[in-house]
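Structure at a glance
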Amino acid sequence: ELKWKLMNREEVSQVRGVVLQKSTCEYWNKIWDFQAKPDDVLISSYPKAGTTWLQEIVDMIQNDGDIEKTRRAPTDIRMPFLERINPPYVGLDKANEMPSPRVLKTHLPVQLLPPSFWKENCKVSIIYVARNIKDNIVSFFHFQRMNKGLPDPGSWEEYFETFLEGKGLWGSWYDHVKGWWEAKDIYPILYLFYEDIKKHPRREIEKVMEFLGKNLDEKVLDKIVYYTSFNVMKNNPMSNYTLSSLMNQSVSPFMRKGVIGDWKNYFTVAQNERCNEDYREKMDDTTLSFSMEY
Ligand code: A3P
């Protein structure tokens, strides 16, 4: 069994050019060797794209809308975070000791996903959620301010540049969303967008349900839409991370705003132009597109 490590919050390192927490890099060989099982469900995303939201949706679907069951433990305990070597647990140990069927979470870019997930006989159901770059940067900035397990983000100006250059944690947003987008043509991956779930929660929840091979009646679906809405999740201690000692929610709450377009409150005109230009250049080679406003 591995021991978790509380590293200095500044400490990061790299795996194949991707910036990750140093603790993750130190255990990289073990993470790379992780053994997936065919009945695993993997929830994958760039950080702050709506991971927790999707986790709640998946858990409610799997438990047929039973809130007693989904409130059995906090999100990060219910669904191990694969590359997490921070307290209170080592993701790998948690995943290995968990009975199947397991639901796992990762933020790894597609090229760093442990190869056992792709094995031919391994029919892991993978659900990816992506969020538009502008809201993603803002949300990540606030998250790094309040999460003691991650480096201090510095000023908004610095953070913005580091992010666009792909030098932030979990690497380039562009590579992440594009890499997983390409992978979905080869592997059975359900690729979702934060903005779609926000605008059409019921429709998107039904997609997840079908992907997971479940069939729930209308009443249960209504219930899931309600219990996975922002305000309900914000007030639920099992989904709002208030039980996490790593997060200082007086700096910024985990369930912060939960909207599309908050970037407008942070981006200067110059930053918006810079981002648009960078975006045009780096998204030139993909069919992937995002909506940045409601
Ligand atoms: P904001 O910081 O913009 O509010 P992740 O789970 O990947 O860390 O993503 C967190 C982001 O998703 C936060 O965004 C959080 O508020 C938002 N979020 C979580 N649950 C949500 C929900 N039910 N509805 C809308 N947004 C949600």
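Cut-offs and rules
- Residues numbered from 1 in each chain as written.
- Predicted model: local features only at pLDDT ≥ 70, side-chain atom pairs only at ≥ 80, totals over all residues.
- Heavy atoms only, no water.
- UniProt positions renumbered as here; feature names shortened; annotations may be inferred.
- Core = buried A, V, L, I, M, F, W, Y, C linked by side-chain atoms within 4.5 Å.
- Buried < 20%, exposed > 50% of the residue type's maximum accessible area, 1.4 Å probe, protein only.
- Helix = DSSP H or I, 4+ residues; strand = E, 2+ residues; numbered from the N terminus.
- Contact = heavy atoms within 4.5 Å.
- Arc of directions from axis to C-beta.
- Salt bridge = Lys/Arg side-chain N within 4 Å of Asp/Glu carboxyl O.
- Near = heavy atom within 4 Å.
- Polar contact = N/O pair within 3.5 Å; in protein donor to acceptor, adjacent residues only side chain to side chain.
- Areas by Shrake-Rupley, 256 points an atom, 1.4 Å probe, with all protein chains shown as cover.
- Nonpolar A, V, L, I, M, F, W, Y, C, P; charged D, E, K, R; others polar.

As recorded in an unreviewed UniProt entry, the chain goes by Sulfotransferase and comes from Vombatus ursinus. Turning to the chain, the UniProt record has this under Sequence similarities (unreviewed entry): "Belongs to the sulfotransferase 1 family." What the UniProt record of the chain gives under Subcellular location (unreviewed entry) is the line "Cytoplasm".

**Regarding the nonpolar core**
Residues Ile133, Trp173 and Val208 are the most contacted members of the largest nonpolar core, which totals 94 residues. Looking at which element gives the most residues to this core, the answer is helix H7 (residues 133-146), with 7 residues. Not counting chain neighbours up to four residues away, the residues in contact with Val208 comprise Leu54, Ile57, Val58, Ile61, Ile127, Leu190 and Leu192.

**Focus: helix H11 (residues 201-211)**
An α-helical segment advances 3.6 residues per turn. Residues three or four places apart therefore align on the same side. Along H11, the residues classified as buried are Glu204, Ile205, Val208 and Met209. Summarising the axial view, the buried residues of H11 lie within an arc of 150 degrees, below the 170-degree limit, and thus occupy one face. Gly213 sits one or two residues past H11 and shows a positive phi near 70 degrees.

**Focus on the pattern of salt bridges**
Summed over all chains, the structure comprises 21 salt bridges. Linking Asp40 and Arg102 is a salt bridge whose minimum nitrogen-to-oxygen distance equals 2.8 Å. Taken together, the residues span a long stretch of sequence, with Asp40 in the loop between helix H2 (28-32) and strand S3 (41-45) and Arg102 in the loop between helix H6 (91-97) and strand S4 (103-106) at a distance of 62 residues. When its relative accessible area of 1% is taken as the criterion, Arg102 is described as buried. Two residues, Asp76 and Arg84, come together in a salt bridge whose shortest N-O distance is 3.4 Å. In this pair, the class of Asp76 matches that of Arg84, namely buried. The network of salt bridges with shared partners includes Glu56, Asp59, Arg72 and Arg78.

**A word on the site of the ligand**
The environment of the ligand is formed by 18 residues, the closest being Thr51, Thr52, Ser139, Tyr194 and Lys257. A distance of 2.9 Å is found between a nitrogen atom of the ligand and a backbone nitrogen or oxygen belonging to Thr228. Take Gly258: an N or O atom from its main chain is 2.8 Å from an oxygen atom of the ligand. For the ligand, whose free accessible area comes to 570 Å², the fraction covered by protein is 97%. Looking at the shell around the ligand, the elements that each hand over two or more residues are helix H3 (51-62) and helix H13 (230-234). In terms of residue count, H3 provides more of the shell around the ligand than any other element does, 3 residues in total. Partitioning the shell around the ligand into residue classes produces 7 nonpolar, 7 polar and 4 charged.

**Some details on helix H9 (residues 173-183)**
In terms of burial, H9 is largely enclosed, as 9 of its 11 residues are buried. Every buried residue belonging to H9 is among Trp173, Tyr174, His176, Val177, Lys178, Gly179, Trp180, Trp181 and Ala183, and all of these are buried. Those residues of H9 that are buried are in contact with S3, strand S5 (125-130), H7, helix H8 (156-164), strand S6 (189-193) and helix H14 (269-282). The N-terminus of H9 is capped by Ser172, whose side-chain oxygen sits 3.1 Å from the backbone nitrogen of Tyr174.

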